[in-house]
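# Structure at a glance
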Amino acid sequence: MDSVKKPRVSDAGAWAMNVFSSVGIIMVNKQVMSSSGYDFSFATTLTGFHFAMTAFIGWVSSASGYSSSKHVPFWELLWFSVVANLSITGMNFSLMLNSVGFYQISKLSMIPVVCVMEWMLNGKRYTPRVAASVLVVAFGVGICTVTDVHVNTTGLLCASVAVFCTSLQQITIGSFQKKYSIGSFELLSKTAPIQAVSLLIFGPFADYYLKGRVLTSYQFTVGAVFFILLSCSLAVVCNMSQYLCIGRFSAVSFQVLGHMKTVFVLTLGWILFDSALTVKNVLGMACAIVGMIIYSWAIESEKQQKTASFNLKEDDRLKEEEVKLLKDRTNGDSEKDIELGQTKS
């Protein structure tokens, strides 16, 4: 019997990698980009650095034989990279043009958008328990994060592009892995170079429009370079774990995980940076955590129901085969009796 190949990283390990790397990169980027830190406010260009580091690690892994390479059509990688870059740029422009409150609402809207897109593209349906738990999570995070809400036409357009492209990107990651039987890190290694080149070319122009600053005018220090490299290293782990989680689970589960990270960030901000934590924040976080627990229970129940249904169908199939074999044996015995009777006569 062939032994089943176990994954190098467990499911819990994949979740933990994503949560800790995402929270870590947010804390590091605060130091990199804030005016009280190193004031490197070139967010799109920094993302280009992230993907350049990811592409380099992927190249080293492939050259050393640690990871294999499977063929994925270039045009598929190209349109995926365009969608992913529009997601990043759209989010940055949405944050600049809209209030923080509306920016958070647009991020919360990704869960229903992902659900609708998965239903339209993959025919996936969700049970009422899963849908209810997702709404509880979104409501709790909304209480924590949404304050003032101001929006304009351009900001709404940017937010809509960002939500659509982010949702499509996350669904496509899982679809590509199934379609081409490719691992999460191998797929990331193929898309990262395209994203790195495009973001490093167009990123400085986007950052100039967003902040009015030119990258060449920035004075790099040893401390700034160290924290940028640390941010890039965490981004490699974050990107890899994102592809890993979506490939194993679903885009909706990844969105729920993302809101759990929001709770962690708020808590760490209160512990490390003396950020205000009000009763409203605490109630919102508690609501979100309850929603996440219900979501985990609902998903597990759904898996158990599918397993039980599969086992029942398998038992029915085995019973049908046993009945068929019994009938064949009975018919064979009857034919032998007839032959013996004819011989005696």
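Fair warning: this is a prediction, and the values are worked out from it, not measured in the lab.

### So, the overall build of the protein
Of the regular secondary structure elements, the protein holds eleven helices and zero strands. Seen in sequence order, the protein has helices and strands lined up from the N terminus as α-α-α-α-α-α-α-α-α-α-α. Of all 345 residues assigned to the protein, the portion counted as buried reaches 42%. For the protein, the exposed surface amounts to about 19400 Å²; the carbon and sulfur share of it is 67%.

### Side note on the packing of helix α2 (residues 43–63) against helix α3 (residues 74–97)
Close contact between α2 and α3 brings their axes to 10 Å; oriented N to C, the two are set at 150°. In terms of orientation, α2 and α3 fall into the roughly antiparallel class. By crossing handedness, the relation of α2 to α3 is classed as right-handed. Seen from α2, the contacting residues are Ala43, Thr44, Thr47 and Phe51; seen from α3, they are Ile88, Thr89 and Asn92. Class assignment of the residues belonging to the contact of α2 with α3 gives a composition of three nonpolar, four polar and no charged.

### Section: α2
With 21 residues, α2 should cover 30 Å at 1.5 Å per step; its first-to-last C-alpha distance of 30 Å lies within 8% of that length. Residues Ala43, Thr44, Thr45, Leu46, Thr47, Gly48, His50, Phe51, Thr54, Ala55, Gly58 and Ser61 constitute the buried set of α2. Positive backbone phi, at 80°, marks glycine 65, one or two positions downstream of α2.

### What to know about the pattern of salt bridges
Under the definition given, this model contains two salt bridges. In this structure, arginine 213 and aspartate 39 form a salt bridge, with 3.4 Å as the shortest nitrogen-oxygen distance. Here the residue arginine 213 occupies a position in the loop between α8 (184–211) and α9 (222–248), and aspartate 39 occupies one in the loop between α1 (11–33) and α2, the gap between them amounting to 174 residues. Residue glutamate 76 is joined to lysine 179 by a salt bridge in which the shortest nitrogen-to-oxygen separation is 2.9 Å. Remark: lysine 179 occurs in helix α7 (residues 153–179) and glutamate 76 occurs in helix α3; sequence separation between them is 103 residues. According to the relative accessible area criterion, lysine 179 is exposed, its value standing at 54%.

### Description of the nonpolar core
Membership of the largest hydrophobic core comes to 22 residues, with the highest contact counts inside it found for Val134, Val252, Val256, Met292 and Tyr295. For this core, the elements supplying multiple residues, two or more each, are α5 (110–122), α6 (128–145), α7, α10 (251–272) and α11 (279–344). Judged by nonpolar contacts, the second largest core, of 20 residues, contains Phe80, Ile173, Ile182 and Ile194.

### Focus on α8
With 28 residues, α8 should reach 40 Å at 1.5 Å per residue; the first-to-last C-alpha distance of 34 Å falls well below that figure. Where α8 bends most, at phenylalanine 202, the angle is about 40°, and the proline proline 204 comes one to four residues later.

### Thoughts on the side chain of serine 94
Here serine 94 lies in helix α3. Here serine 94 falls in the buried class, since its relative accessible area comes to 0%. Residues within four places of serine 94 in sequence aside, it is in contact with Tyr103, Ser106, Gly155, Cys158 and Ala159.

Cut-off values and rules
Residues numbered from 1 in each chain as written. Predicted model: local features only at pLDDT ≥ 70, side-chain atom pairs only at ≥ 80, totals over all residues. Heavy atoms only, no water. Helix = DSSP H or I, 4+ residues; strand = E, 2+ residues; numbered from the N terminus. Buried < 20%, exposed > 50% of the residue type's maximum accessible area, 1.4 Å probe, protein only. Areas by Shrake-Rupley, 256 points an atom, 1.4 Å probe, with all protein chains shown as cover. Axes fitted to C-alpha atoms, helices over the stretch in contact; angles between N-to-C directions. Parallel < 35°, antiparallel > 145°, perpendicular 65-115°, else oblique. Left-handed = near helix turned anticlockwise from the far one by under 90°. Contact = heavy atoms within 4.5 Å. Nonpolar A, V, L, I, M, F, W, Y, C, P; charged D, E, K, R; others polar. Expected span 1.5 Å × (residues − 1). Salt bridge = Lys/Arg side-chain N within 4 Å of Asp/Glu carboxyl O. Core = buried A, V, L, I, M, F, W, Y, C linked by side-chain atoms within 4.5 Å. Bend = angle between axes of the 7 residues up to and from the residue.

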